[in-house]
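# Structural description and commentary
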Amino acid sequence: MIKVKVNSAPTAKDLMKLFAQVDWAKNRKIGDVGKMLRNGDWTVCIYEDDELLGFARIITDGCFRGLLDDVIVDQNHRGSGLGEKLMQEILELSKPLDALFLNAAPEMEEFYAKFGFMKFEKLTMILRK
Ligand SMILES: CC(C)(COP(=O)(O)OP(=O)(O)OC[C@H]1O[C@@H](n2cnc3c(N)ncnc32)[C@H](O)[C@@H]1OP(=O)(O)O)[C@@H](O)C(=O)NCCC(=O)NCCS
């Protein structure tokens, strides 16, 4: 049975299984992922029984701004609506915020546009560490 858990962080071990599937997260270390989870971001997890199939988080001040990050569905369960479920939960969770930002590859624009995201015309800059 599919279950959604909001603001109940997954274990770092479970999340590492999803992160191992994508280029942008596959080199993350379990200790850092554990630290990330303990830092109290807002999280949405989707489980089937006890298996973590989907994850997304919002890094936020809780009021004005949020950054949506690490949206991921297990590669063997994509294309069956879990990504949409994850995003609907994220939209609900983000209601108290004035704005929700995200960074994504250009090919993801269409996916996020389905949920109301639009290109932000102002300049976004990054200081790489
Ligand atoms: C992006 C991702 C979360 C989508 O999850 P999913 O479970 O396959 O999505 P769903 O089955 O719920 O699809 C929902 C809708 O989005 C569309 N969609 C799914 N992936 C898409 C993509 N990469 N680009 C454009 N549209 C996409 C589906 O066609 C579907 O559209 P419909 O409602 O018109 O039929 C999943 O493909 C994933 O984890 N990708 C790897 C991680 C990643 O790239 N994350 C984004 C980082 S910015």
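Parameters at a glance
- Residues numbered from 1 in each chain as written.
- Predicted model: local features only at pLDDT ≥ 70, side-chain atom pairs only at ≥ 80, totals over all residues.
- Heavy atoms only, no water.
- Pairing = 2+ DSSP bridges.
- Helix = DSSP H or I, 4+ residues; strand = E, 2+ residues; numbered from the N terminus.
- Right-handed = clockwise from strand over helix to strand, strands pointing away.
- Phe/Tyr/Trp six-rings, centres within 6.5 Å; stacked < 30°, edge-to-face > 60°.
- Buried < 20%, exposed > 50% of the residue type's maximum accessible area, 1.4 Å probe, protein only.
- Lys NZ or Arg CZ within 6 Å of the ring centre and 35° of its normal.
- Axes fitted to C-alpha atoms, helices over the stretch in contact; angles between N-to-C directions.
- Expected span 1.5 Å × (residues − 1).
- Arc of directions from axis to C-beta.
- Contact = heavy atoms within 4.5 Å.
- Patch = residues over 30% accessible without salt bridge, like charges linked within 9 Å, V, L, I, M, F, W, Y side chains within 5 Å.
- Areas by Shrake-Rupley, 256 points an atom, 1.4 Å probe, with all protein chains shown as cover.
- Salt bridge = Lys/Arg side-chain N within 4 Å of Asp/Glu carboxyl O.
- Lys, Arg positive; Asp, Glu negative; His and termini not counted.
- Charge placed at Lys NZ, Arg CZ, Asp CG, Glu CD.
- Near = heavy atom within 4 Å.
- Polar contact = N/O pair within 3.5 Å; in protein donor to acceptor, adjacent residues only side chain to side chain.
- 1 Å grid on protein atoms, 1.4 Å probe; cavity = no way out; pocket = protein on both sides within 12 Å on 5 of 7 lines; lining within 4 Å.
- Sits in = over half its atoms within 2 Å of the grid points.
- Nonpolar A, V, L, I, M, F, W, Y, C, P; charged D, E, K, R; others polar.

## Let's talk about the pairing of strand β5 (residues 99-102)
For strand β4 (residues 65-73) and β5, the ladder comprises four bridges, and the chain directions are parallel. Bridged to G66 within β5 is L100. On the question of chirality, the crossover connecting β4 to the parallel β5 by way of helix α3 (residues 82-93) is right-handed.

## Let's talk about the packing of aromatic side chains
Throughout the structure, instances matching the rule amount to five aromatic pairs. Measuring from ring centre to ring centre gives 5.3 Å for F111 and F115, while their planes differ by 70 degrees; the resulting arrangement is edge-to-face. For F111, a relative accessible area of 24% puts it in the partly exposed group. Linked through ring pairs, F111, Y112, F115 and F117 together constitute an aromatic cluster. The aromatic ring of Y47 is capped on one face by K5, whose charged end is 4.9 Å from the ring centroid. Above the plane of the ring of F19 lies R28, whose end atom (NZ or CZ) is 4.8 Å from the centre.

## Brief notes about the sheet that holds strand β2 (residues 42-48)
With mixed pairing, five strands are arranged side by side in an open sheet as β1-β2-β3-β4-β5. The open sheet has two free edges, formed respectively by β1 (2-6) and β5, since each of these has just one partner strand. Between one strand axis and the next, the sheet turns through 20 degrees on average, direction left out of account. Two strands pair when backbone bridges link them, and strand β3 (residues 51-60) and β4 are joined in this way by six bridges, in the antiparallel orientation.

## Some points on α3
Note that an α-helix has 3.6 residues per turn; residues three or four places apart therefore point the same way. Taking 1.5 Å per residue as the helical rise, α3 with its 12 residues ought to reach 16 Å, and the 16 Å between its terminal C-alpha atoms agrees with that figure. Turning to α3, its buried residues are L82, G83, L86, M87, I90 and L93. One side of α3 carries all its buried residues, which in axial view fall inside an arc of 135 degrees. Structurally, α3 contributes buried residues whose contacts are with β1, β2, β3, β4, β5 and α4 (109-113).

## Focus on a negative patch on the surface
Among the surface-exposed residues, E48, D49, D50 and E51 lie close enough to one another that they form a single negatively charged patch. The exposure class assigned to E48 is partly exposed, which follows from its relative accessible area of 31%.

## Description of the site of the ligand
In the region of the ligand, 18 residues are neighbours, and V71, V73, G79, G83 and E84 sit closest. In this structure, an oxygen atom belonging to the ligand sits 2.8 Å away from a main-chain N or O atom of E84. Burial of the ligand by the surrounding chains reaches 69%, relative to a free accessible area of 910 Å². More than half of the atoms belonging to the ligand lie within 2 Å of the grid points that define the largest pocket. Those elements that place two or more of their residues in the shell around the ligand are β4, α3 and α4. Looking at the shell around the ligand residue by residue, the classes come out as 10 nonpolar, four polar and four charged.

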